[in-house]
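Chains, contacts and geometry: an overview
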Amino acid sequence: MFNWRKLLASLFFLLMFLAGGAAIAQQNKPQPKTRILFLLDASGSMLAKWEDSDRMTVAKNLLAQLVDSLEQYQNVEVALRVYGHQSGRERNDCKDTKLEVPFSANKNGTVIRKKLEQVVPRGNTPITFSLEQTANDFPADKARNVIILITDGLESCGGDPCAVSLALQKNRIFLRPFVIGIGIAPEYEQQLSCIGQYFNAADVKTFENVLTEIATQTLSETTVSVELLDEQNRPTETNLNMTFVNALTGGTEYNYVHYQDSKGKPDMLEIDALVPYNLVVNTTPVVVAKDLKIKPGQHNVIKVKSPQGELYLRQDGPSPYGALQALVKQHGSDQTLHVQVFGTRHKYLTGKYDMEILTLPRIYQKGVEVKQGQTNTITIPPPGQLAISSQMQGYGSVYELDETGKQTWVCNLPEDNSRVTLALQPGKYRLVYRMKSAQASKFTDVQDFTIRSGATSTLKIFNR
């Protein structure tokens, strides 16, 4: 025969341990309110024999003991919703669900225990509709909303409980539910595990252990440390922004700037273990660690490889370009990662990058290498200047000439200005220009010229 006294003692000492941990945490900061909604299956199959009792009796007794223990928490509220208990199975009532005991700021454990005694399994298993109704069960104020679904069967009304659960989680109605399956065949477990975190209670003892595990996950403190590893897997990187992202909703849960002490040890961060996380380390480009394996009630160490080096963009002498910029892209990619200004330093993940420097003409550098812990200095020669003096406004373009004489367009000249000064990189060029007053294309003026670093080349265009 099942030892209920032993179970009660185990739950009591577990909750005392968790309460002590919570009390210590509360000394540091206020703990968020946690609301736990028990969603209990009372369909007819819950009368099936289970070891020395039946499924419903075991579930009622275990829930009653857990609710009693939870009353010791000042920041925990509980409620009870039951389905399948108001109509017989012959009526096929797919709306047979009821919030039997709502949440209350006052302790309502006695009310829940009495209600459990009155519940008699009768009908079907409308899990989907019951989950939909839970959206109205939780008060609107901010809290950690938790659902513990206990069932011995699958959805019997043709609904999609997985889609409903996902939608309610994305709307932040509740966190990822706990689902306890009683007597569920392995081939059907997938239909319940998509609702939330699934536990298979194959026997009464396992059911007891599952409730203990859920209580630990829900109420105990969980911490993490993040080690940012270099290429030798040493935790040497730090001072980076880290974003803990809800892997389900995509929303930001926590933002931190990484810290480690003088001994190279990162600090501990407290997080909610009931949320599924991706960790985004905001390097250039970002590093994403997906589906973090967080063990509730423990300290977790997360290791993310993020070796970095530095690019320093430098130009000799004063720049007539003003704040000269470079578009930095991953090698072989067309997507701009970062716009870096000359005269600045910026860290990148180790690897190769392509650069487009916004000079006239533009300078392209392929396969610029960034090595761990090193600075790669990119230097370009200072430009010269082209000064164009014209008696009248006109239309013109500047072309770059290569060694074979092939010309490549660089820029157009402003039409409303007869005196133009341009900063150009050293090289050979061609000016093609026609004044507005000229009456034919044959009056186009073509002049070749050379630009030298730090020098000014002057061209004069006369009216023809």
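All values derive from a computational prediction rather than experimental measurement.

Rules used in this analysis
- Residues numbered from 1 in each chain as written.
- Predicted model: local features only at pLDDT ≥ 70, side-chain atom pairs only at ≥ 80, totals over all residues.
- Heavy atoms only, no water.
- Axes fitted to C-alpha atoms, helices over the stretch in contact; angles between N-to-C directions.
- Helix = DSSP H or I, 4+ residues; strand = E, 2+ residues; numbered from the N terminus.
- Parallel < 35°, antiparallel > 145°, perpendicular 65-115°, else oblique.
- Left-handed = near helix turned anticlockwise from the far one by under 90°.
- Contact = heavy atoms within 4.5 Å.
- Nonpolar A, V, L, I, M, F, W, Y, C, P; charged D, E, K, R; others polar.
- Buried < 20%, exposed > 50% of the residue type's maximum accessible area, 1.4 Å probe, protein only.
- Polar contact = N/O pair within 3.5 Å; in protein donor to acceptor, adjacent residues only side chain to side chain.
- Phe/Tyr/Trp six-rings, centres within 6.5 Å; stacked < 30°, edge-to-face > 60°.
- Lys NZ or Arg CZ within 6 Å of the ring centre and 35° of its normal.
- Disulfide = S-S within 2.5 Å.
- Salt bridge = Lys/Arg side-chain N within 4 Å of Asp/Glu carboxyl O.
- Pairing = 2+ DSSP bridges.

**Some points on the packing of helix α2 (residues 55-70) against helix α7 (residues 204-219)**
Contact geometry of α2 with α7 gives a least axis separation of 11 Å together with a crossing angle of 30°. By the angle between their directions, the pair α2 and α7 is classed as roughly parallel. In this structure, α2 meets α7 at a crossing whose hand is right-handed. Contact with α2, carried on its side by Val58, Ala59, Leu62, Leu66 and Leu70, involves Val204, Phe207, Glu208, Leu211 and Leu219 of α7 and no other residues of that element. A breakdown of the residues in the contact of α2 with α7 according to their chemical character gives 9 nonpolar, no polar and 1 charged.

**What to know about the side chain of Asn300**
Along the chain, Asn300 turns up in strand β15 (residues 299-305). Using a relative accessible area of 6% as the deciding quantity, one classes Asn300 as buried. Separated by 2.7 Å, the side chain of Asn300 and the backbone nitrogen of Lys295 make a polar contact. Not counting residues up to four positions away in its chain, the partners in contact with Asn300 are Thr222, Thr223, Val224, Ser225, Lys293, Ile294 and Lys295.

**Overview of the packing of α2 against helix α3 (residues 109-118)**
Between α2 and α3, the least distance of the axes is 9 Å, while the angle of their chain directions is 175°. It follows from the interaxial angle that α2 and α3 lie roughly antiparallel. Residues Lys60, Leu63, Ala64, Val67 and Asp68 of α2 form the contact with α3, whose participating residues are Gly109, Ile112, Arg113, Leu116 and Glu117. In terms of residue class, the contact of α2 with α3 is built from 5 nonpolar, 1 polar and 4 charged.

**A few points about the packing of aromatic side chains**
Summed over all chains, the structure comprises 10 aromatic pairs. A centroid spacing of 5.7 Å and a plane angle of 20° characterise the contact between Tyr429 and Phe449, whose relative ring orientation is stacked. One end of the pair, Tyr429, is in strand β27 (residues 427-435); the other, Phe449, is in strand β28 (residues 445-451), and 20 residues separate them in sequence. Each member of the pair, Tyr429 as well as Phe449, carries the same accessibility label: buried. Members of the aromatic cluster, connected to one another through ring pairs, are Phe244, Tyr254, Tyr256 and Tyr277. A cation sits over an aromatic face here: Arg345 above Tyr312, 4.1 Å from the ring centre.

**Details of the state of the cysteines**
Enumeration over the complete set of coordinates arrives at 2 disulfides. Across the disulfide from Cys94 sits Cys157; the S-S distance is 2.2 Å. Between Cys94 and Cys157, the S-S torsion sits near -95°, and that sign places the bridge as left-handed. In this pair, Cys94 sits in the loop between β4 (76-83) and β5 (97-101) while Cys157 sits in the loop between β6 (144-151) and α5 (161-170), placing the two residues 63 residues apart along the sequence. With relative accessibility at 25%, the residue Cys94 sits in the partly exposed group. Along the chain, the cysteines engaged in disulfide bonds are linked according to the scheme 1-2, 3-4 when indexed in sequence order.

**Focus on the pattern of salt bridges**
Counting across every chain of the model gives 17 salt bridges. Of the charged contacts, one joins Arg35 and Asp141 as a salt bridge, the two residues approaching to 3.0 Å between their closest N and O atoms. With Arg35 in strand β1 (residues 34-41) and Asp141 in the loop between α4 (127-133) and β6, this residue pair connects regions lying 106 residues apart in the sequence. For the salt bridge of Asp230 with Arg234, the shortest nitrogen-to-oxygen distance reads 2.9 Å. Judged by its relative accessible area of 1%, Asp230 is buried. Given the relative accessible area of 43%, Arg234 is considered partly exposed. Residues joined by salt bridges that share partners form a network here, namely Lys33, Arg35, Glu77 and Asp141.

**Topic: the sheet that holds strand β19 (residues 345-349)**
In spatial order, the strands read β19-β16-β22; together these 3 strands make up an open sheet with mixed pairing. The sheet is open, and its two borders are formed by β19 and β22 (375-380), each paired with just one other strand. Adjacent strand axes in the sheet meet at a mean angle of 30°, parallel and antiparallel pairs treated alike. Note that strand β16 (residues 308-315) and β19 share 5 bridges and pair antiparallel. Residue pairing in the sheet places Glu310 in a bridge with Lys347 of β19.

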